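# Remarks on the overall topology
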Amino acid sequence: MTPWFDPCLMRPRRDELCGEPVPRGRRVEKLLRCRAAGLVAALAVLAMPALLQGAEPCPDRLVWVFGWNLSRDSDTAEISRVLETASQHGLNGAVMSLGLDTLCKKRPDYFRRLEQVQAACQRNELELIPAIFSVGYGGAALAHNRYLAAGLPVVDAPFLVEGGKARLVPDESIGLVNGGFEDFSGNRLAGYRFHDQPGEVSFVDSQVKREGRAALRFENFTANQAGHGRVMQEVRLQPHRCYRITLWVKTEGLEPASGFKVQVLAGTRALAPRSFNLEPTSDWRKLTMVFNSFDLDSVRLYAGMWGGRAGRLWLDDWSLEEIGPLNVLRRPGTPVAVRSEDGAVTYAEGSDFAPLEDPQYSPYRVDRPAPLLQILPGGRIRDGQRLNVSWYHSLAINDGQVTVCMAEPELYEIFDHEAALLAERLRPRRVFLNMDEIRMGGTCQACRGRNMGELLGECITRQTEILRRHMPGAEIYIWSDMLDPGHNAHGDYYLVEGDFTGSWDHVPKDLVMAVWGGAPRAEGLRFFSEKGFRTLAACYYDANDLDDVRAWLGIGRTIPKFQGMMYTPWQKKYGLLAEFGDLLGGRGGRP
């Protein structure tokens, strides 16, 4: 694995997935940029003494309070210790999520703990800055309505009516060949485009297997120049359908366990970015994932290790199947349509068929049967009839990220409701918008065909207007990546149909951009400064030193409209918070 890739935070480069080149548009989030960025950081560090000599403390000296949700009394004590350290070393604000955009769902114990956190902020003279309203990580909005998830279309899937119920009729010719790894000659498998270095990295194992004659084993990863141990097969699909992949996996001393992946690739696009968090050593474990075929009629399925260093991995019983309306979405932008086989008749929900819903709906649980379409007595649909059924389904990606649709009006009703409660409870002077990593969109009726940059800009503008209606004069901060052409504001981004280019031209100019992304990003700070925005460097990311922070600070001091810095961990690592505060020049006094 290349040294700049952090599997806990980032997406792998395309060439780490399948040995193909990385297109410019498919950028990697939260990564330590490569050599050029490292050189910029080094030069900034060398210039630091001259840049900082006699410099005034940054106006914004913030800490990101991450990893607590006030579900336990111990949360408040742990948060208070972070706040005390921040205050003692000159920081003046604490940015925290804490579920502050689902206040209407909270119980009395939550508000008691929130009051304790408020008191700790006041005691330490730190401003509490709520971080709210994520679209990319849509859990808060989904807590109000789970069907607000971004929807992927299934179009005219064939169903057959039998006994008052209609079920999917899948194309039986579609599937994995030799998915049980039973057909082989020596260490070479039949039916696969390749598996890495048979007899050296990949082995047919007739002793350790889940069932049948054999399993596929990978080891000796360092014998491969990139540390890969993968198997790949190209499979045919029907466009605009939903498919489920199942695979059994066993590990023994696997390093790094995070290097294991199952990938569905079409050209350079990954259709099912999913993480499984394997244990380094485990018995047979069943993995299940789903994906949408979009407009494609074939894909490449990969499984195995990328960047392996040690240990062994076994695969067995790999399967691919088309599935029915699992996790079907029901909102205005995701209608269900049932038509006759020839498309001449459109049937009515409520009179010809019952409302199609998934009673076990959960994008996180996909290893279960899809619901059937219930045919209503007295309607126009007859037993034995063939139908074409269309619907939209949700999809969890990476470690369980579910994006919500920015074009659905109900989303803004939720934002307004929660903003009113936030104003009543906290009356914050500043608010931080969690509008980062929006990895799906442009695929349902509500947002299809929209300019995604304009839609994102409209969403952020409406969020800002809502907040200031309830909190007049509030200063709004926002993660920068979806507004930065050098980061995520471009086309060909994950599963988004559309292009975020130009999003920065559709948001209020008084936003403060929290620029982030691994090694110091001078280009990002300069871009927003030139566009008239103020900037904040959100840096740190759990390193063992503050070298990158020093580089960020040195760069920031040279850029107009630079507001300050935020200590930003993702793993509750606050050991360097005191040194961070001292570095910013805030020790011994607050503004």
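The model shown is predicted, which means the values in this text are computed figures rather than measured ones.

As a further point, take the overall build of the chain. Looking only at helices and strands, the chain has ten helices and 27 strands in total. Burial statistics for the chain: of 591 residues in total, 59% are counted as buried. The long-range share in the chain, meaning contacts at least 24 apart out of those at least 6 apart in sequence, stands at 79%. A total accessible area of about 22900 Å² is found for the chain, and carbon and sulfur atoms account for 48% of it.

What follows covers the nonpolar core. Counting residues in each nonpolar core, the largest one holds 166 residues, and the members touching the most others are Phe260 and Met565. Among residues more than four places away in sequence, those in contact with Phe260 are Leu247, Val249, Phe276, Leu278, Leu287, Gly304, Met305, Leu313 and Leu315. Listed in part, the 16 residues of the second largest apolar core include Trp64, Tyr541, Met566 and Trp570.

Scanning all chains against the criterion turns up 35 salt bridges. For the salt bridge of Asp205 with Arg217, the shortest nitrogen-to-oxygen distance reads 2.9 Å. Highlighted residues: Asp205 in strand E9 (residues 202–205) and Arg217 in strand E10 (residues 215–218), separated in sequence by twelve residues. Arg217 shares its class with Asp205; the two are buried.

Checked against the element boundaries, Glu321 lands in strand E17 (residues 310–322). Sequence separation between Glu321 and Leu237 is 84 residues; the distance between their C-alpha atoms is 9.8 Å. Ignoring any residue separated from it by four or fewer positions in sequence, one finds Glu321 in contact with Cys242, Tyr243 and Arg244.

Buried residues dominate helix H9 (residues 547–556), accounting for seven of its ten residues. Burial in H9 covers these residues: Val549, Ala551, Trp552, Leu553, Gly554, Ile555 and Gly556.

What follows is about the pairing of strand E15 (residues 282–292). A regular strand carries its side chains on alternate faces of the sheet. Here E15 lies mainly inside the structure; eight of its eleven residues are buried. Bridging between strand E12 (residues 242–255) and E15 involves nine bridges; their strand directions are antiparallel. Each residue of the ladder has a partner; that of Thr251, found in E15, is Ser282.

A few words now on the packing of helix H6 (residues 409–425) against helix H7 (residues 452–470). Two elements in contact, H6 and H7, have axes separated by 9 Å at closest approach and are oriented at 35 degrees. In the packing of H6 onto H7, the handedness of the crossing is right-handed. Residue-level inspection shows Tyr412, Phe415, Asp416, Ala419, Ala420 and Ala423 of H6 in contact with H7, the latter providing Cys459, Arg462, Gln463, Ile466, Leu467, Arg469 and His470. A per-class count over the contact of H6 with H7 returns eight nonpolar, two polar and three charged.

Let us now look at the sheet that holds strand E14 (residues 269–270). Taken in spatial order, the five strands of this open sheet run E8-E11-E16-E13-E14, and their pairing is antiparallel. Every interior strand has two partners, whereas the edge strands, strand E8 (194–195) and E14, have only one. Across eight bridges, strand E11 (residues 229–236) lies against strand E16 (residues 298–305) in antiparallel orientation. Note that in E16 the partner of Val235 across the bridge is Val299.

Residue placement: Ser282 occurs in strand E15. Using a relative accessible area of 18% as the deciding quantity, one classes Ser282 as buried.

In this section: empty space enclosed by the protein. Within this structure, the stated rule accounts for four cavities of 30 Å³ or more. Its boundaries defined by the atoms lining it, the largest cavity holds a volume of some 70 Å³. Contributing elements (two or more residues each) for the lining of the largest cavity: strand E22 (440–441) and H7. Classifying every residue of the lining of the largest cavity by side-chain character gives eleven nonpolar, five polar and one charged.

Moving on, we get to the packing of helix H3 (residues 73–88) against helix H4 (residues 108–123). The interhelical angle for the contact between H3 and H4, taken along N-to-C directions, is 15 degrees, at an axis separation of 10 Å. Regarding the angle of H3 to H4, the classification is roughly parallel. Two packed elements cross with a definite hand, and for H3 against H4 that hand is right-handed. In this structure, H3 contributes Asp73, Thr76, Ile79, Ser80 and Leu83 to the contact, and H4 contributes Arg112, Arg113, Gln116, Val117, Ala120, Cys121 and Arg123. When the residues that make up the contact of H3 with H4 are grouped by side-chain class, the tally is five nonpolar, three polar and four charged.

Take Arg468: it is sitting in helix H7. Not counting chain neighbours up to four residues away, the residues in contact with Arg468 comprise Ala474, Glu475, Ile476 and Asp510.

Our next topic: the pairing of E17. As paired elements, E10 and E17 share three bridges and run antiparallel to each other. Each bridged residue has a counterpart across the sheet, and for Leu216 the counterpart in E17 is Leu315. By the bridge criterion, ten bridges tie E12 to E17 in an arrangement that is antiparallel. Note that in E17 the partner of Thr251 across the bridge is Leu313.

Its 16 residues place the ends of H4 23 Å apart at the C-alpha level, agreeing with the 22 Å of an ideal helix rising 1.5 Å per residue. All of the buried residues in H4 are Tyr110, Phe111, Arg113, Leu114, Val117, Gln118, Ala120 and Cys121. On the buried face of H4, the contacting elements are H3, strand E2 (93–96), strand E3 (127–132) and H6. Of the residues trailing H4, Glu125 is marked for its positive phi of about 55 degrees.

Geometrically, the link from Glu255 to Pro256 is a cis peptide bond, its omega value of -15 degrees lying close to zero. With respect to the helices and strands, Pro256 occurs in the loop between E12 and strand E13 (260–266). The backbone of Asn220 sits at a positive phi, close to 55 degrees, despite the residue not being glycine. Its relative accessible area of 39% is what places Asn220 among the partly exposed residues. Even without being glycine, Glu437 reaches a positive phi, approximately 50 degrees. Relative to the helices and strands, Glu437 resides in the loop between strand E21 (430–433) and E22.

Criteria and cut-off values
Residues numbered from 1 in each chain as written. Predicted model: local features only at pLDDT ≥ 70, side-chain atom pairs only at ≥ 80, totals over all residues. Heavy atoms only, no water. Helix = DSSP H or I, 4+ residues; strand = E, 2+ residues; numbered from the N terminus. Buried < 20%, exposed > 50% of the residue type's maximum accessible area, 1.4 Å probe, protein only. Contact = heavy atoms within 4.5 Å. Areas by Shrake-Rupley, 256 points an atom, 1.4 Å probe, with all protein chains shown as cover. Core = buried A, V, L, I, M, F, W, Y, C linked by side-chain atoms within 4.5 Å. Salt bridge = Lys/Arg side-chain N within 4 Å of Asp/Glu carboxyl O. Pairing = 2+ DSSP bridges. Axes fitted to C-alpha atoms, helices over the stretch in contact; angles between N-to-C directions. Left-handed = near helix turned anticlockwise from the far one by under 90°. Nonpolar A, V, L, I, M, F, W, Y, C, P; charged D, E, K, R; others polar. 1 Å grid on protein atoms, 1.4 Å probe; cavity = no way out; pocket = protein on both sides within 12 Å on 5 of 7 lines; lining within 4 Å. Points joined across faces, edges and corners; volume = space filled by probe spheres on them. Parallel < 35°, antiparallel > 145°, perpendicular 65-115°, else oblique. Expected span 1.5 Å × (residues − 1).

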